[in-house]
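# Residue-level structure breakdown
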Amino acid sequence: MDDANTAHTDPREAEPAAAALRERVGDFVRTRVMPREGDLDGGGAPAAAALRDLRAQARGEGLWALPLPTELGGGGADFRTYATWAEVEGASDHGPAALGSASLLDVTMLARHAGPRVRREFLVRLVAGELRACYAMTEPDLPGTDPLLTATRAERRPDGGWRITGRKWFTSGAADADLVTVLARSDGGPGDRAGLSLLLVPTTAPGFRVVRELPVCGVGGQYEIELDGVAVPADHLVGTRGAALAVAGERLRIGRTLRCLRWLGQAQRAFDLLCERAATRTGSRGPLSGHQLVQQHVFDALLALRGARALVHQAVERIAAGADARVEIGLAKVATARMLQQVADSAIQVHGAAGLGPDTPLPALFRTGRAARLLDGPDELHLTSVARAVLRGYSVGDATSG
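Read on for an overview of the structure. (Residues numbered from 1 in each chain as written. Predicted model: local features only at pLDDT ≥ 70, side-chain atom pairs only at ≥ 80, totals over all residues. Heavy atoms only, no water.)

As a further point, take the overall build of the protein. Secondary structure summary: the protein contains 12 helices and 10 strands in total. Compactness check: the protein gives a C-alpha radius of gyration of 22 Å against a globular reference of 21 Å for 402 residues, within 12% of the reference. Taking the principal axes of the C-alpha coordinates as reference, the protein spans close to 80 × 60 × 40 Å. Of the contacts formed within the protein by residues at least 6 apart in sequence, a portion of 70% connects residues at least 24 apart. Summed over all atoms, the accessible surface of the protein reaches about 18400 Å², with 54% contributed by carbon and sulfur. Side-chain charges of the protein comprise 47 positive and 47 negative groups, with the mean position of each set lying 3 Å from the other. (Helix = DSSP H or I, 4+ residues; strand = E, 2+ residues; numbered from the N terminus. Rg over C-alpha atoms; globule rule 2.2 N^0.38 Å. Contact = heavy atoms within 4.5 Å. Areas by Shrake-Rupley, 256 points an atom, 1.4 Å probe, with all protein chains shown as cover. Lys, Arg positive; Asp, Glu negative; His and termini not counted. Charge placed at Lys NZ, Arg CZ, Asp CG, Glu CD.)

In most cases, non-glycine residues show a negative phi, while peptide bonds are predominantly trans. Residues other than glycine seldom take positive phi values, yet A65 does so here, at roughly 50 degrees. Checked against the element boundaries, A65 lands in the loop between α3 (44–60) and α4 (79–89). Residues other than glycine seldom take positive phi values, yet F170 does so here, at roughly 50 degrees. With respect to the helices and strands, the residue F170 is situated in strand β3 (residues 162–172).

What follows covers α3. Helix length check: α3, at 17 residues, gives a terminal C-alpha distance of 25 Å against a target of 24 Å (1.5 Å per residue), a fit within 8%. Every buried residue of α3 is listed here: A47, A50, L51, L54, R55 and A58. In a view along the axis of α3, the buried residues occupy a sector of 135 degrees, so they form one face of it. Along α3, exposed side chains directed more than 90 degrees from the buried face belong to A45, R52 and G60. Those residues of α3 that are buried are in contact with α1 (16–33), α2 (37–42) and α5 (95–99). (Expected span 1.5 Å × (residues − 1). Buried < 20%, exposed > 50% of the residue type's maximum accessible area, 1.4 Å probe, protein only. Arc of directions from axis to C-beta.)

Counting 83 residues, the largest nonpolar core has V25, W85, L110 and M339 as the members making the most contacts within it. Residue contributions to this core peak at 16 residues, all from helix α8 (residues 244–280). Beyond its immediate chain neighbours, meaning those up to four positions away, M339 contacts L264, A267, A304, L305 and A308. Counting 20 residues, the second largest nonpolar core, distinct from the first, contains A174, A184, I225 and V232. (Core = buried A, V, L, I, M, F, W, Y, C linked by side-chain atoms within 4.5 Å.)

Let's shift gears to the packing of helix α9 (residues 292–320) against helix α10 (residues 326–351). As a packed pair, α9 and α10 sit with axes 8 Å apart at the nearest point and diverge in direction by 155 degrees. Between α9 and α10, the angle falls in the class roughly antiparallel. Every pair of crossing elements has a handedness; the one defined by α9 and α10 is left-handed. (Axes fitted to C-alpha atoms, helices over the stretch in contact; angles between N-to-C directions. Parallel < 35°, antiparallel > 145°, perpendicular 65-115°, else oblique. Left-handed = near helix turned anticlockwise from the far one by under 90°.)

This brings us to the packing of aromatic side chains. A complete count under the given rule lists 2 aromatic pairs for this structure. Taken together, a centroid distance of 5.6 Å and an interplanar angle of 70 degrees make the contact between Y82 and W85 edge-to-face. In this pair, Y82 and W85 are both assigned in helix α4, 3 residues apart and thus about one turn of the helix distant. The class for W85 is buried, based on a relative accessible area of 2%. Ring centres of W169 and F170 lie 4.9 Å apart, and the angle between their planes is 65 degrees; this geometry places the pair in the edge-to-face category. Here W169 falls in the partly exposed class, since its relative accessible area comes to 24%. We classify F170 as partly exposed; its relative accessible area is 40%. Directly above the ring of W64 sits R59, whose terminal nitrogen or CZ lies 4.0 Å from the centroid. Here the guanidinium or amino end of R156 rests over the ring plane of W162, the centre of that ring lying 4.5 Å away. (Phe/Tyr/Trp six-rings, centres within 6.5 Å; stacked < 30°, edge-to-face > 60°. Lys NZ or Arg CZ within 6 Å of the ring centre and 35° of its normal.)

Tracing the backbone shows R157 in the loop between β2 (153–156) and β3. Expressed as a C-alpha distance, the spacing of R157 and A234, which sit 77 residues apart in the sequence, is 9.0 Å. Apart from residues no more than four positions distant in its own chain, R157 is found in contact with W162, R163, A231, V232 and P233.

A few words now on the pattern of salt bridges. Evaluation of the coordinates by the stated rule reveals 23 salt bridges. Among the salt bridges present, the one from R117 reaches D235, with a minimum N-O distance of 2.6 Å. Pair noted here: R117 is in helix α7 (residues 116–128) and D235 is in the loop between β7 (222–232) and β8 (237–238), with a separation of 118 residues, a long-range link. Residue classification places D235 among the partly exposed residues on the basis of a relative accessible area of 29%. R132 is the partner of D176 in a salt bridge, and the nearest nitrogen-oxygen pair spans 3.8 Å. Separated by 44 residues along the polypeptide, D176 in the loop between β3 and β4 (179–185) and R132 in the loop between α7 and β1 (133–136) bring together distant segments of the chain. (Salt bridge = Lys/Arg side-chain N within 4 Å of Asp/Glu carboxyl O.)

Here is the structure:
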């Protein structure tokens, strides 16, 4: 491969240990995970069996749960270090689950904000892959970008616990989850920022129900759930009462950046397929690589990929330094989502009809790119929030905000 496939902006990748680990993770995803995507995508018993086998292999090769805390059974890598291989891990949607990184957001949130009993009972099992967790925030018929309108209610019971009533949708993996963190209104009414709380709900609790699957562009994995008077103990409150937005904001900042890193890996996968097709496909006028329009697809895709990668690693550095990264995350999220859709589209175009069929991952990569422009906040939300943040700096005479 040429340097288009190996040049990255994170300087840590030049360190031998980080580069070696990146290569091991990338090789595992390419040679073990990707060949089994058909089973993993199909769900049911074949998917569960394939995932168990892959996880056993990851453990056997010392690649299990590398970014999770060592005291919980993980590898203990910090966020900056994890970012050096999160891209190659995420080249397949199933990479994080196979390698034990998929629980990172839930483990981080619960380790920081849950009570002692929740941490004691669930964290080690989440890291070990014995339990699965998901996160339920958005609701039918309400704008997902405005949590202040949350209609799901959490009411105190006489014993001090909580009773939760409401519906959530586009909840990833809810059908297989053992635990779901639910955003609910515990006080006040719509618009009250201090009236929202997060509660951890076991999916076996009476009143919890998966209503239906919500295929995204024909692909499953998202669900609508109902909570009909679900009772949870008082110590299942995540964070303090009324502080949900602070905890959710912390989760979102890390989660959006992780998504971007994984989208980079999927875009690189599409770019590799684009270049391989151009280099090997020959028609009556010679190889596709000799056509200027194909060359433009390659150039534009590489330009977008490298530009997005630079923005993502700027966000990583800001988060790792404990600095305000909202502008960097917003820029990275929009750029990476757009880029993934663009690169996948170019790869499909160069493949022709073959790019629309089941013999390549390109249709799935394109769907992910289109969905990416809505996941974790639509483009418009980030455009507005970034622009406002930049303009506030100029309004006080700071000409360095851009």
